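# An overview of the molecular structure
Single-letter residue listing:
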Amino acid sequence: MDSSQASTLGTTGGSGGNGLVSTQTNDAANATPIDDPKQNLNQVMNSIQKTLGLLHQLYLTVSSFNAASQLPLLQRLNSLVTELDNMAKLAEKCNIQVPMEVLNLIDDGKNPDEFTRDVLNGCIAKNQVTKGRTDAFKSLRKHLLEELEQTFPDEVESYREIRASAAAESKRLAQSQSILQNGDVKVKTEL
């Protein structure tokens, strides 16, 4: 090994016994655990970008390969392996669930935004159907109350008083127990 190769190896962290150059990284992010999901995701995305850059460099090295470029090729291969290992470790900290339909669309060469558009359109259609049903029931209730009021005015008046007192009690109870008007319980957000 000549002095130029030795100096190159000295800057990358040393040589493995099998002729491969091992690189050592001193990332502070690897030393300290981070629990923030957004920061974990950002680290994975940065690692993906770095991996893509390393793949591009590797492509350039391989496409113009000659005997003198063997050492840079080995260095880039080792850097790629190290970064892929780092990416796998960072990805373990992320809990991301991707629907199989999205992966199938990507495999078919289609845009995953189509899945999002289809899901939103389906939600809008179901929402319109549900709103129509709700409006129909409100209209039926109103019509029934009008008919009942003509036939049984005293009973309808007492029914409305009972409904008003029950609604007031339900509202008071909801405020005291942190329950939303629709019956759901408020959940404190985690910080």
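Calculation rules
- Residues numbered from 1 in each chain as written.
- Predicted model: local features only at pLDDT ≥ 70, side-chain atom pairs only at ≥ 80, totals over all residues.
- Heavy atoms only, no water.
- Helix = DSSP H or I, 4+ residues; strand = E, 2+ residues; numbered from the N terminus.
- Buried < 20%, exposed > 50% of the residue type's maximum accessible area, 1.4 Å probe, protein only.
- Contact = heavy atoms within 4.5 Å.
- Areas by Shrake-Rupley, 256 points an atom, 1.4 Å probe, with all protein chains shown as cover.
- Patch = residues over 30% accessible without salt bridge, like charges linked within 9 Å, V, L, I, M, F, W, Y side chains within 5 Å.
- Salt bridge = Lys/Arg side-chain N within 4 Å of Asp/Glu carboxyl O.
- pLDDT = per-residue confidence, 0-100.
- Axes fitted to C-alpha atoms, helices over the stretch in contact; angles between N-to-C directions.
- Parallel < 35°, antiparallel > 145°, perpendicular 65-115°, else oblique.
- Left-handed = near helix turned anticlockwise from the far one by under 90°.

Before going further, it helps to examine the overall build of the protein chain. Scanning the protein chain from terminus to terminus reveals seven helices and zero strands. Starting at the N terminus and ending at the C terminus, the protein chain contains elements arranged as α-α-α-α-α-α-α. A burial count over the protein chain gives 15% of its 191 residues as buried. In the protein chain, the share of contacts with a sequence separation of at least 24, taken over all contacts with a separation of at least 6, comes to 45%. Carbon and sulfur atoms make up 56% of the accessible area of the protein chain, which totals about 15,200 Å².

The next thing to look at is a nonpolar patch on the surface. Residues Leu41, Met45, Ile96, Val98, Met100, Leu103 and Ile106 make up a contiguous nonpolar surface patch of about 630 Å² in total accessible area. Going through the elements one at a time, helix H3 (37-63) and helix H5 (100-107) are the ones with two or more residues in the nonpolar patch. For the nonpolar patch, the element with the highest residue contribution is H5, accounting for three residues.

Attention now moves to the environment of Gln43. In this structure, Gln43 sits in helix H3. Separated by 43 residues in sequence, Gln43 and Asn86 have C-alpha atoms that sit 9.9 Å apart.

If you walk through the whole model with that rule in mind, you get six salt bridges. Close ionic contact of Arg117 with Asp118 constitutes a salt bridge, the shortest N to O distance being 3.7 Å. Where Asp135 meets Lys131, a salt bridge forms, and the shortest distance between an N and an O atom there is 3.1 Å. Placement of the pair is Asp135 and Lys131 together in helix H6 (residues 113-151), with a separation of four residues, close to one helical turn. Residue Asp135 is classed as partly exposed on the basis of its relative accessible area, which comes to 35%. Of the residues examined, Lys131 reaches a relative accessible area of 51% and is grouped as exposed.

Low pLDDT means the predicted coordinates in that region are not meant to be read closely. Overall, the prediction assigns the protein chain a mean pLDDT of 79, with 74% of residues at 70 or greater. The secondary-structure element of the protein chain with the lowest mean pLDDT is helix H1 (residues 3-12), recorded at 40, while H6 shows the highest, at 94. Across residues 1-34 the pLDDT falls below 50, and counting only partners more than four positions away or on other chains, this stretch makes 37 contacts in the model.

A few words now on the packing of H3 against helix H4 (residues 70-92). In the contact formed by H3 and H4, the axes pass within 9 Å of each other and the chain directions differ by 160°. Compared by their axis directions, H3 and H4 come out roughly antiparallel. The interaxial crossing formed by H3 with H4 has left-handed handedness. Counting all contacts with H3, which are made through Gln43, Val44, Ser47, Ile48, Lys50, Thr51, Leu54, Leu55, Gln57, Leu58, Thr61 and Val62, the residues of H4 involved are Leu73, Arg76, Leu77, Ser79, Leu80, Glu83, Leu84, Asn86, Met87, Leu90 and Ala91.

Now for the environment of Met87. Mapped onto the elements, Met87 comes out in helix H4. Through-space distance from the C-alpha of Met87 to that of Thr51 is 8.5 Å; in sequence the pair is 36 residues apart. In this structure, Met87 is in contact with Ser47, Ile48 and Thr51, ignoring residues within four places of it in sequence.

In this fold, Leu41 is placed in helix H3. Sequence separation between Leu41 and Lys93 is 52 residues, and the spatial gap between their C-alpha atoms is 8.4 Å. Aside from chain neighbours lying at most four places away, what touches Leu41 is Cys94 and Ile96.

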